[in-house]
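Remarks on the overall topology
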Amino acid sequence: MTSFSAYQNEIYLQGLGGAVPPFTTDPDALEQSARERLGPGPFWYVAGGAGSGATVRANREAFDRVRIVPRMLTNATERHLGVSVLGTELPAPVMLAPVGVQSILHPDGELATARAAAELGVPMVLSTASSHTIEEVAEASGDGPRWYQLYWPNDPDVCASLLERARKAGYTALVVTLDTWTLAWRPHDLDQAYLPFLRGVGTAIPFSDPVFRAGLQKAPEEDLPMAILRWVQLFTGTDKSWDQLTFLREHWDGPIVLKGIQHPDDARKAVESGMDGIVVSNHGGRQVDGAVGSLDALPSIVEAVGEQVDVLFDSGIRTGADIVKALALGAKAVMVGRPYAYGLAHGGQVGVKHVLRSLLADFDLTLGLSGHRSPAELGPDALRFTP
């Protein structure tokens, strides 16, 4: 049994020798530090949101309105954090959300993230918008658990090829992002005229795909602008429909999870369509300005389908307390995104590992100090809601 809280003692003991953590353990300070380390283009590509940023703020405000009510004398000295989600054993109910174009944060990009995740046994969800290929990231993951996130291309043959590659490379579950079939109005990116894909960054997976390459007159290495044009045509601008999910089921024999669900009726449709899980997510506030906070959407979705499929949570996780709150409201596990991206910007694999260990230690301690020995003991009665 892993004691993630031991990271706290490790830090204090190292302090006896005059050592302090290489990077801050404060998530807000980590973001500010990343801003100082990165150029405005890369930083805001990660930190920015759609429109006025109202949804980014709503995600955090939703957590602030929910308060934990600690219980005493519950024998919570030893805790078991492990859970099983869709056949994947997790040492704690935490996964790394799909974050694209990670090479804009650190040269090693997704490879560093995969290695850090594998060290801790935490599943990484690889984005279709990766800076490295499916196979390269799988190799970096080693024996670590990994899922594949699909940005659904408009060419069925390309889509089938990507799914086949992911399965062959050992990705066990498919996460289909529904809310980003075209980019939202993102002022921070627009003001910098910054879109990495148009520079051929974050396109490693399609550009290495044999079916995608077969549709080009020249290889991307020989004619980058035409490859980018085909990428734009395939991956942006076209919404899909519920009946098209059958195509994915025909070409993927493992669990399928729909990411971007915010309404109970969409959750019900996911179940009716034979999906195995959903991720309650608003893409970290990056797609619809003025949308509901993801945590606000969670309880009604859990009520609607929580007995039928695994409900995961994404958008706004920063602290151990955030994880406790999401689990208490019915999430089976949470996905964390921006914090580990900032860790990557600070120190590659070492930075990602530090951020994850900090978050997991915080969760472990908060779970115990609030009077619980495992995620299974959490429920709505552990919380109070404030106006």
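The model shown is predicted, which means the values in this text are computed figures rather than measured ones.

**What to know about the nonpolar core**
Counting residues in hydrophobic clusters, the biggest one holds 103 residues, and the most contacted among them are Tyr148, Tyr171 and Phe313. When residues of this core are assigned to their parent elements, the largest contribution, 12 residues, is made by helix α16 (residues 338–369). Beyond its immediate sequence surroundings of up to four residues, Tyr171 is in contact with Leu126, Ile134, Val137, Ala138, Arg146, Trp147, Tyr148, Ala166 and Trp252. Judged by nonpolar contacts, the second largest core, of 14 residues, contains Val85, Leu90, Met95 and Val257.

**A short note on the layout of surface pockets**
A probe as big as a water molecule, rolled over the atoms, marks out the empty space that is left. As a volume, the largest pocket reaches approximately 440 Å³. For the lining of the largest pocket, the secondary structure elements donating two or more residues are α11 (224–235) and β8 (256–261). Volume-wise, the second largest pocket comes out at about 360 Å³. In this structure, the second largest pocket is lined by 18 residues; those nearest its centre are Thr25, Ser358, Leu359, Ala361 and Asp362.

**Regarding α11**
Between the first and last C-alpha of α11 there are 16 Å, a value that for 12 residues agrees with the 16 Å anticipated at 1.5 Å per step. Among all positions in α11, only Ala227, Ile228, Arg230, Trp231, Leu234 and Phe235 are buried. The buried residues of α11 occupy one face: seen down the axis, they fall within an arc of 160°. Where the residues of α11 are buried, they touch α7 (156–168), α9 (204–207) and α10 (210–214). The distance from a side-chain oxygen at the start of α11 to the backbone nitrogen of Met226 is 3.3 Å, and the residue carrying that oxygen is Asp223.

**Observations concerning the UniProt feature "domain: FMN hydroxy acid dehydrogenase" (unreviewed entry) in the protein chain**
Within the UniProt annotation, "domain: FMN hydroxy acid dehydrogenase" (unreviewed entry) is assigned to residues 19–387. In residues 19–387, helix accounts for 43% and strand for 12%; the two terminal C-alpha atoms are 43 Å from one another.

**Concerning the pairing of strand β9 (residues 277–280)**
Here β9 shows two buried faces, one formed by Gly277 and Val279 and the other by Ile278 and Val280. The pairing of β8 with β9 spans 4 bridges and is classified as parallel. Note on β9: the bridge partner recorded for Val257 is Gly277. In this fold, the crossover linking β8 to β9 by way of helix α13 (residues 264–272) has right-handed handedness. Bridge count between β9 and strand β10 (residues 310–314): 4 bridges; the pairing is parallel. Looking at β10, one finds that Gly277 is bridged to Asp310.

**Digging into empty space enclosed by the protein**
For the structure shown, the criterion picks out 1 cavity of 30 Å³ or more. For the largest cavity, the calculated volume is near 600 Å³. Along the walls of the largest cavity sit 36 residues, with Pro98, Gly100, Tyr151, His283 and Arg286 positioned nearest its centre. Those elements that provide at least two residues to the lining of the largest cavity are α3 (40–47), α11, β11 (333–336) and α16. Looking at the lining of the largest cavity residue by residue, the class counts come to 16 nonpolar, 14 polar and 6 charged.

**Points about the packing of α13 against helix α14 (residues 294–305)**
For the pair α13 and α14, interaxial distance at closest approach is 9 Å and the crossing angle is 35°. Classified by chirality, the crossing of α14 by α13 is right-handed. Of α14, the residues touching α13 (which contributes Pro264, Ala267, Arg268 and Val271) are Ser300, Ile301, Ala304 and Val305. For the contact of α13 with α14, the residue count by class is 6 nonpolar, 1 polar and 1 charged.

**Regarding unusual backbone geometry**
Notably, Asn75 is not glycine yet its phi reads approximately 60°, a positive angle. Taking relative accessible area as the criterion, Asn75 reaches 60% and is therefore assigned exposed.

**Considering the pattern of salt bridges**
Tallying each qualifying case throughout the model produces 16 salt bridges. As a salt-bridge pair, Lys259 and Asp314 come within 3.9 Å of each other at their nearest N and O atoms. Taken as a pair, Lys259 in strand β8 and Asp314 in strand β10 lie far apart in primary sequence, 55 residues in all. Comparing Lys259 with Asp314 shows no difference in burial state: the two are buried. Connected through shared salt-bridge partners, Glu135, Arg165 and Asp209 make up one network.

**A few points about the side chain of Glu110**
Mapping Glu110 onto the fold places it in helix α5 (residues 109–120). Within the local environment of Glu110, its side chain forms a polar contact with the backbone nitrogen of Ser131, the two atoms lying 3.1 Å apart. In contact with Glu110, other than residues within four places in its own chain, are Val99, Gly100, Val101, Gln102, Ser103, Met124, Leu126, Ala129, Ser130, Ser131, His132 and Val137.

Reading guide: rules and limits
Going along each chain's sequence as written, the residues are numbered from 1 onward. With the structure being a predicted model, the display of local features is reserved for residues of pLDDT at least 70 and the display and counting of side-chain atom pairs for 80 or more, all residues being used for whole-chain, interface and lining totals. No hydrogens and no water enter the side-chain calculation; it runs on all heavy atoms of the structure. Throughout this description, the term nonpolar core refers to a set of buried Ala, Val, Leu, Ile, Met, Phe, Trp, Tyr and Cys residues connected via side-chain atoms within 4.5 Å. Relative accessibility under 20% of the residue-type maximum defines a buried residue, over 50% an exposed one, and the middle range a partly exposed one, all with a 1.4 Å probe and only protein chains included. Numbering of helices and strands starts at the N terminus; helices are DSSP runs of H or I of at least 4 residues and strands are runs of E of at least 2. When checking whether two residues touch, look at their non-hydrogen atoms; a contact exists if any pair is within 4.5 Å. The way it works is a 1 Å grid over only the protein atoms, where trapped points that fit a 1.4 Å probe form a cavity and open points with protein on both sides within 12 Å along at least five of seven lines form a pocket, and then any residue with an atom within 4 Å of a point lines it. Grid points are joined across faces, edges and corners, and a volume is the space filled by probe spheres set on the points. One fewer than the residue count of a helix, multiplied by 1.5 Å, yields its expected span. Directions pointing from the helix axis toward each C-beta atom define the arc. Polar contact is the term for a pair of N or O atoms within 3.5 Å; when the atoms are in protein, one must be able to donate a hydrogen and the other to accept it, and sequence-neighboring residues count only if both atoms are side-chain atoms. UniProt positions are given in the numbering used here, feature names are shortened, and annotations may be inferred rather than shown by experiment. Two strands make a pair as long as DSSP finds a minimum of two bridges between them. Whether a crossover is right-handed depends on one test, that the path from the first strand over the helix to the second runs clockwise when the strands point away from the viewer. Note on residue categories: nonpolar means Ala, Val, Leu, Ile, Met, Phe, Trp, Tyr, Cys or Pro, charged means Asp, Glu, Lys or Arg, and polar means any other residue, Gly included. Here, axes are lines fitted to C-alpha atoms. For helices the fit covers the stretch in contact, and angles between N-to-C directions go from 0 to 180 degrees. If you view the pair so one helix is near and one far, a crossing is left-handed when the near helix is turned anticlockwise from the far one by less than a right angle, and right-handed when it is turned clockwise. We define a salt bridge as a side-chain nitrogen of Lys or Arg found within 4 Å of a carboxyl oxygen belonging to Asp or Glu.

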